[in-house]
Amino acid sequence: MRVPDDMTDEEAKRTQDDLNTYAEGNGFHLATVFHEYVPGAQSAFTELIEAVRHAGAKHVIVASYRELALSRSLQDAMLTHLSCVTGAEVVSLDECS
């Protein structure tokens, strides 16, 4: 999840709690939440891909596709890359509500 400078600790915890609640309610085990603190950086995304590959995870949960990137075309590219490299399905909480 992206953690911008203006996000409070409470907001970050609430988002993480939302991810955990969704996972538990849908039979998933939330193993790790990756945090990205630098705008435009993708180190957490790279770590995510490696962790998913290593664990053989079948699902990735994000609060919103905007956690991946702001532009829709970059979101699509990242989702395609994640799917091709890991075979995992990405679930966005925005689309579940």
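These notes cover the structure that comes with them.

Criteria and cut-off values
- Residues numbered from 1 in each chain as written.
- Predicted model: local features only at pLDDT ≥ 70, side-chain atom pairs only at ≥ 80, totals over all residues.
- Heavy atoms only, no water.
- Helix = DSSP H or I, 4+ residues; strand = E, 2+ residues; numbered from the N terminus.
- Rg over C-alpha atoms; globule rule 2.2 N^0.38 Å.
- Buried < 20%, exposed > 50% of the residue type's maximum accessible area, 1.4 Å probe, protein only.
- Contact = heavy atoms within 4.5 Å.
- Areas by Shrake-Rupley, 256 points an atom, 1.4 Å probe, with all protein chains shown as cover.
- Lys, Arg positive; Asp, Glu negative; His and termini not counted.
- Charge placed at Lys NZ, Arg CZ, Asp CG, Glu CD.
- 1 Å grid on protein atoms, 1.4 Å probe; cavity = no way out; pocket = protein on both sides within 12 Å on 5 of 7 lines; lining within 4 Å.
- Points joined across faces, edges and corners; volume = space filled by probe spheres on them.
- Nonpolar A, V, L, I, M, F, W, Y, C, P; charged D, E, K, R; others polar.
- Phe/Tyr/Trp six-rings, centres within 6.5 Å; stacked < 30°, edge-to-face > 60°.

As a further point, take the overall build of the protein chain. Regarding its fold elements, the protein chain presents four helices and two strands. Ordered by position from N to C terminus, the α and β elements of the protein chain give α-α-β-α-β-α. At 13 Å, the protein chain has a C-alpha radius of gyration in line with the 13 Å of a compact globule built from 97 residues. C-alpha extents for the protein chain along the principal axes are approximately 35 × 30 × 25 Å. Taken over 97 residues, the protein chain has a buried fraction of 36%. For the protein chain, the share of sequence-separated contacts (at least 6 apart) that also reach a separation of at least 24 residues comes to 64%. Accessible surface, the protein chain as shown: approximately 6200 Å² in total, 51% of it carbon and sulfur. Separation between the mean location of the 7 positive side-chain charges and that of the 16 negative ones in the protein chain comes to 5 Å.

Now for the layout of surface pockets. Quantified by volume, the largest pocket comes out at close to 630 Å³. Along the wall of the largest pocket there are 29 residues; nearest its centre are T32, F34, L48, V60 and I61. Listed by contribution, the elements that provide at least two residues to the lining of the largest pocket are α2 (43-55) and β1 (59-62). A per-element tally of the lining of the largest pocket places α2 first, with six residues. Of the residues contributing to the lining of the largest pocket, the split by class is 21 nonpolar, four polar and four charged. Its volume calculated, the second largest pocket comes out at about 260 Å³. Lining of the second largest pocket is provided by 15 residues; of these, R2, V38, P39, G40 and L70 occupy positions nearest its centre.

What follows concerns the packing of aromatic side chains. In total, this model carries one aromatic pair according to the counting rule given. When the ring of Y22 is compared with that of F28, the centres are 6.4 Å apart and the planes differ by 35 degrees; the resulting orientation is tilted. According to the relative accessible area criterion, F28 is partly exposed, its value standing at 26%.

Worth remembering: the numbers are spatial, not functional.
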